Amino acid sequence: MYPELLAPAGSPERLDTALTYGADAVYLGGTDLNLRAQTPGFSPAELNQALHTAHAQNRRIYYCLNILPHPEQIPLVQEQLQGLEGTSVDALIAADPGVIRLARKILPRIPIHISTQANTSNPHAAAFWQDQGASRVNLARELDLRAVRAIRRAVPDLELESFVHGAMCMAISGRCHMSAHLTRRSANQGLCTQPCRFKYRSVFLEEAQRTGEPTWEALEDEAFTTLLASEDLALIDFLPWLSKAGMDSLKIEGRMKTSSYLAQVVDIYATALADIRRKTFRPGLYWRELQLVATRPLCTGFFLPGRRKRLFTPERTQPRAPVLAKILCRDGPDTWRISLRHRWESGRKVQILVPGLRRPELSPAVYSLESLTGDPADALHSGQEGLLRSDHPDLRPGLMLRAYPEQSPEDDRE
């Protein structure tokens, strides 16, 4: 058995993108109570459509209700749980024991998956959740590979899930109070303003028993910098190990990420897992793609015992090859309606992002851009819809179109 690839979806459009690019399962939430209050989420009607779409493709939908609720929110939790009765949701993701207790009573047939917010860090904690009826546990991101292996061996009949890519939190498994303290918006209520990524300066801590010896000192000049910000996790190199170790699910972070980002990252990890099955693992290819989409440093997090290894540092805060548009539908013979994500000049060379990390070229000689009225366009702008005229055989609805990288990043990890 190989692990599933579990991708985020903050909206119906992002759900379609995750499925198009190879996710085996998708996690999503309602319009509230799911720790991502700044994403649109899914209304009951949208959830039903998502379930229909995913199940028609033999994919799975996991519903997030992983808020740590206060007493006054319990009626809302009960209402949302009752709203899931009769649906075909494949599992409920939760962290709070009270929510889990209610879910076992209201939705006894829906499997429970324990969220990363529960910070499951040892075999006995995993076994505890299993005793409470959980069928899967997401392991704490603070664990190294030895701890992961120990838990896997200790609870062989419990499904284990682990994050392999995306943003990390400076707090233990995301239980942070900085946002509530600084901006009165609680991370544990889904309202995190990410103050760990704010810019600070003049940091100096001195402990009373060690005067004159700074416990923590940073930023000797007057510059502001994001010294508290964590790097992003990227465990693409370790997918063979995780597969062999018996992990059931490998999870990508990012319900607040754009569909442009999601398409590329899901495609990278889905292709890598498929390559493991074919025994053709190609880390150099995956890293060339990751370097095009990364906007923050990528590292191994806590996964390597005793050390953190930085893997890549981007030179800019924007992708090197931005996604220009998404194909919405066919609008006639050799004509495609597109939704613009970035300015697209008609003379620009483009790549079609075909699942499986295929990147066929769409040269200016074989396409033209038009407005929705059919008028030729020298450029289309972000937020617009327009028409792409081309008979390229790889074009189809749902695919992204990316600016051709001016210079391919080098990586020798073949």
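The notes below deal with the structure included here. (Residues numbered from 1 in each chain as written. Predicted model: local features only at pLDDT ≥ 70, side-chain atom pairs only at ≥ 80, totals over all residues. Heavy atoms only, no water.)

## Topic: the overall build of the protein chain
Turning to step 1, where the next piece is worked out: Secondary structure assignment for the protein chain yields 10 helices and 22 strands.
Turning to step 2, where the next piece is worked out: For the protein chain, with 414 residues in total, the buried portion stands at 52%.
Turning to step 3, where the next piece is worked out: Long-range contacts, defined here as pairs at least 24 residues apart, represent 65% of the contacts in the protein chain between residues at least 6 apart. (Helix = DSSP H or I, 4+ residues; strand = E, 2+ residues; numbered from the N terminus. Buried < 20%, exposed > 50% of the residue type's maximum accessible area, 1.4 Å probe, protein only. Contact = heavy atoms within 4.5 Å.)

## Considering the sheet that holds strand β14 (residues 323-332)
Turning to step 1, where the next piece is worked out: Strand order across the open sheet formed by seven strands is β18-β17-β22-β14-β15-β21-β19, with antiparallel pairing between neighbours. Taken across any chain shown, the strands that pair with only one partner, and hence form the sheet edges, are β18 (361-362) and β19 (368-370).
Turning to step 2, where the next piece is worked out: Relative to strand β21 (residues 385-389), strand β15 (residues 335-340) is paired through five bridges, and the arrangement is antiparallel. Each residue of the ladder has a partner; that of S339, found in β21, is E385. (Pairing = 2+ DSSP bridges.)

## Remarks on the nonpolar core
Turning to step 1, where the next piece is worked out: The biggest cluster of nonpolar side chains holds 116 residues, and the ones touching the most others in it are L239, Y269, I338, W344 and L388.
Turning to step 2, where the next piece is worked out: Among the elements that take part in this core, helix α9 (residues 259-278) stands out by supplying 11 residues, more than any other. (Core = buried A, V, L, I, M, F, W, Y, C linked by side-chain atoms within 4.5 Å.)

## What to know about the packing of helix α1 (residues 12-20) against α9
Turning to step 1, where the next piece is worked out: At a minimum axis distance of 9 Å, the contact between α1 and α9 shows a crossing angle of 20°. Taken as axis vectors, α1 and α9 run roughly parallel relative to one another. Between α1 and α9 lies a crossing whose hand is right-handed. Taking contact as the criterion, the partners of E13, R14, T17 and A18 in α1 are, on α9, S259, L262, A263 and V266.
Turning to step 2, where the next piece is worked out: Class assignment of the residues belonging to the contact of α1 with α9 gives a composition of four nonpolar, two polar and two charged. (Axes fitted to C-alpha atoms, helices over the stretch in contact; angles between N-to-C directions. Parallel < 35°, antiparallel > 145°, perpendicular 65-115°, else oblique. Left-handed = near helix turned anticlockwise from the far one by under 90°. Nonpolar A, V, L, I, M, F, W, Y, C, P; charged D, E, K, R; others polar.)

## What to know about the environment of L372
Turning to step 1, where the next piece is worked out: The topology assignment puts L372 in the loop between β19 and β20 (379-380).
Turning to step 2, where the next piece is worked out: Looking at L372, the relative accessible area reads 42%, which means it is partly exposed.
Turning to step 3, where the next piece is worked out: Taking the C-alpha atoms as reference points, L372 and D331, separated by 41 residues in sequence, lie 9.9 Å from one another.
Turning to step 4, where the next piece is worked out: In this structure, L372 is in contact with R337, E385, G386 and L387, ignoring residues within four places of it in sequence.

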